[in-house]
Each structure stands twice: as structure tokens, then as C-alpha cells.
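# Chains, contacts and geometry: an overview
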Amino acid sequence: MSRKGKAVCYIICSAFCFTWMNIFIRLSGDLPSIEKSFFRNFIAMLVAAGMILRSGEGFHLQPKNLPLFLGRSIFGTMGILCNFYAVDHLVLANASMLNKMSPFFVLIFSYFLLKEKLTPFQIGVVAVAFCGSLFIVKPTLTNLDLFPSLIGLWGGVSAGAAYTFVRMLGLRGEKGSVIVLFFSAFSCLCVLPWMIFNFQPMTGVQLLCLIMAGVAAAGGQFSITAAYTYAPGREVSVYDYSQIIFSAVFGYFLFGDVPDGWSFLGYVLIIGAAVAIFFYNNRPQPDLKGHEA
């Protein structure tokens, strides 16, 4: 199998794992989203710590990059909390799709934080994707799911900001395991006071679901990391939207979720925008003589 073929397999595996993370979060019942995020990040923290100990290199970060670590952690924590709240209150595919708005917000945040230029085509694609999100959110007073939909959309915005900070840290030479450990530990510490004073007891089944959500999340993180070691994101990122298919299928059979027609239209616009940016990023580049390279 080619390197790109392996990358595609890994990124689809990642989408499958993250779908099961959301499923286990839903199956854990009416526990607070903060409590769910704690267990999810605690397991990720253990996995990242194990990787660092196994490498024998220790935990090291450049002090000048601390503001970037904090930015990644603050927005990442908000993104997880918002996503879990949306998963609990929306059709599973809708919650997943709103979270998948993050790549488009990465373009916007990269413009402001990394000074990367946006072409008119990219601006148009972002506008189309945002219109698609409005069909899912349906911002009308008669929509009973308006609040959780807005929370889900803000989760996508926060995730986009977090991924931009991750990219900045990567460009500065910080290791992925250190970034994951810092973020996971920060997130756990942020919600720990709430956990101490407002902890809601859970059953053994609920605890098992949260543990499995953490395991699935770790599998998703490892898979997507492996995918991007085999091929650039511009070549394979569109396959990450397979999570919407997984979410729609499992959501229907496990929870009876059926998205409405407006949501399906939103899916078409957002996925269409993702496919368009995928082909735009992979278009043949002319060489210095004016011929296609």
C-alpha cells in the first residue's frame, strides 16, 4: 500500500474512533458534560504521559511557547465541553458536523495568527460552509435545538482555534506528546474544582462508558497523528468527513436519530466545501516555464 493509501486508512480509522467516542459519551447518560470531559482527558493524559516515559526524553517545553500552550489548552477545553454538550442534546450527525466546521475556522485563525493569506476562493468556501452550518443550527425562535446547536458551533470555532495553536507549536518544534499531555492536564485541572464540589455519582456502566470514550479518543488521536506522518493534510483531510457517515448510521441504529431535510442540505454544503478546498489544495502547480509540474 502506498503512503497516501495508509494515510487514508488511518484517517478513516480516526473518524471511526471519534464517532465511538461520541457514542460512548451519549451512552454514559445524563452526567454533566464537565464530568465527561474530565474522564476523557484524564485517560488521554495517562496515554500521553506513558508515551513520554517510554521515549525516555522527559517532559520539556520551551518557556517562550507557554502562551501558545495556554491558548491551545483554553480553546481545546472549550471545544471538548461544547462538543460533549452538543452530542448529548442534538442528533449525533448534527453534533459531529458542527464540530467538523473546525477546518474552515483554522483558515480564518491562520490568517490572523500566522498571517497566512486567504485567496478569494478560500473565502468563498468558508462562506459556503458557514451557510451550511446555519441550515443545521436553524437560528429561529421556533427551533428547540437552537441553544445546543449554537454551543456545538462554538465548539467548532474553539476547535479551529486550538488546532491553529497546535500548528504554531509544531512549527516551533514542540512534540505532539508534550502538547497532548499539557492540554489534557490543563483541562483536568480546570474542571477539578467543579468535580470536587459538584461530583455526580455514576453507575459502573456509566464509568465504563466514560473509560471507553477515553480509549476511543486516544485511538482517534493516535490514528490521525499517524495519518499526517504518511501524507500532508491537504491530501487526506477530506476523508475525515467520513465521521459524518459513521455518525449518521450509528446514530440511527443506536438512538433513532434522523436528521431533517435542512440538516441534510447543510451537510451537502459543508462537505461540498470541504471537497472543493481539497481539490483546490491539490491542484497541479505550474512550473517556472508555465507548464504544469
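A few points on the structure. Sequence order as written defines residue numbering, which begins from 1 separately in each chain. With the structure being a predicted model, the display of local features is reserved for residues of pLDDT at least 70 and the display and counting of side-chain atom pairs for 80 or more, all residues being used for whole-chain, interface and lining totals. The side-chain figures draw on all heavy atoms in the structure; neither hydrogens nor water molecules are used.

### Notes on the packing of aromatic side chains
Two aromatic rings from Phe, Tyr or Trp, using only the six-membered ring of Trp, form a pair when their centres are within 6.5 Å; if the ring planes differ by under 30 degrees the pair is stacked, by over 60 it is edge-to-face, and anything between is tilted. Overall, the coordinates contain 17 aromatic pairs when judged by the stated rule. Aromatic pair Trp 20 and Phe 24: ring centres 5.6 Å apart, planes at 45°, arrangement tilted. Of this pair, Trp 20 and Phe 24 both sit in helix α1 (residues 3-27), 4 residues apart, which is roughly one turn of the helix. Centroid distance Phe 121 to Tyr 280: 4.5 Å. Interplanar angle 20°. Geometry classified as stacked. Here Phe 121, found in helix α6 (residues 120-137), pairs with Tyr 280, found in helix α12 (residues 261-281); they are 159 residues apart in sequence, far enough to count as distant. Burial classes: relative accessible area under 20% of the type maximum marks a residue as buried, over 50% as exposed, and values in between as partly exposed (1.4 Å probe, protein chains only). Under the relative-accessibility criterion, Phe 121 is labelled partly exposed at 37%. We count a charge as sitting over a ring when the NZ of a lysine or the CZ of an arginine lies within 6 Å of the ring centre and within 35 degrees of the ring normal. Above the ring of Phe 255, the side-chain terminus of Arg 26 is found at 4.5 Å from the ring centroid. We note Arg 72 situated over the ring of Phe 183; from NZ or CZ to the ring centre the distance is 4.0 Å. Secondary structure follows DSSP: runs of H or I at least 4 residues long count as helices, runs of E at least 2 residues long count as strands, and numbering of each begins at the N terminus.

### Thoughts on the environment of Leu 153
Summarising the element assignment, Leu 153 is placed in helix α7 (residues 146-171). Distance from Leu 153 to Met 101, taken between C-alpha atoms, is 7.5 Å for residues 52 residues apart in sequence. Setting aside anything within four residues of it in sequence, one finds Leu 153 in contact with Leu 98, Met 101, Phe 105, Phe 130, Ser 133 and Val 137. Throughout, a contact is declared for two residues whenever any of their heavy atoms are within 4.5 Å.

### Considerations on the packing of α6 against α12
Think of each axis as a best-fit line through the C-alpha atoms, taken over the contacting stretch in the case of a helix, with angles from 0 to 180 degrees between the N-to-C directions. Two elements in contact, α6 and α12, have axes separated by 7 Å at closest approach and are oriented at 160°. Comparing the axis directions of α6 and α12 gives the class roughly antiparallel. Every pair of crossing elements has a handedness; the one defined by α6 and α12 is left-handed. Contacts between α6 and α12 pair Phe 121, Gln 122, Val 125, Val 128, Ala 129, Cys 131, Gly 132, Ser 133, Phe 135 and Ile 136 from the former with Trp 262, Ser 263, Leu 265, Gly 266, Tyr 267, Leu 269, Ile 270, Ala 273, Ala 276, Ile 277, Tyr 280 and Asn 281 from the latter. Only Asp, Glu, Lys and Arg are considered charged in this grouping, and only Ala, Val, Leu, Ile, Met, Phe, Trp, Tyr, Cys and Pro are considered nonpolar; every other residue, Gly among them, is considered polar. Per-class residue counts for the contact of α6 with α12 are 16 nonpolar, 6 polar and no charged. Here the angle decides the label: under 35 degrees means roughly parallel, over 145 means roughly antiparallel, 65 to 115 means roughly perpendicular, and every other value means oblique. By the definition used in this description, the sense in which the near helix is turned from the far one sets the handedness, with an anticlockwise turn below a right angle giving left-handed and a clockwise turn giving right-handed.

### A closer look at a nonpolar patch on the surface
Judged by side-chain polarity, Leu 207, Leu 208, Ile 211, Met 212 and Val 215 come together as a nonpolar surface patch covering roughly 390 Å² of accessible area. Take Leu 207: it is sitting in helix α9 (residues 204-230). For patch building, the residue pool is restricted to those with more than 30% relative accessible area and no salt bridge; the joining distance is 9 Å between like charges and 5 Å between nonpolar side chains (Val, Leu, Ile, Met, Phe, Trp, Tyr). Every accessible area reported is derived by Shrake-Rupley at a probe size of 1.4 Å, with residue values counting cover from the shown protein chains alone. Note on definitions: salt bridges are taken to be side-chain nitrogens of Lys or Arg within 4 Å of carboxyl oxygens of Asp or Glu.

### Concerning α6
Each residue after the first adds 1.5 Å to the expected span of a helix. In a regular helix each residue adds 1.5 Å, so 18 residues correspond to 26 Å; α6 covers 26 Å between its end C-alpha atoms and thus fits that length. Every buried residue belonging to α6 is among Gln 122, Val 125, Val 126, Ala 129, Gly 132, Ser 133, Ile 136 and Val 137, and all of these are buried. Taken around the axis of α6, the buried residues stretch over an arc of 140°, which confines them to a single face. Buried residues in α6 make contact with α4 (92-99), α5 (102-113), α7 and α12. Trailing α6 by a residue or two, Lys 138 shows a phi angle of about 55°, which is positive. Each C-beta atom gives one direction from the helix axis, and the arc is the one those directions make.

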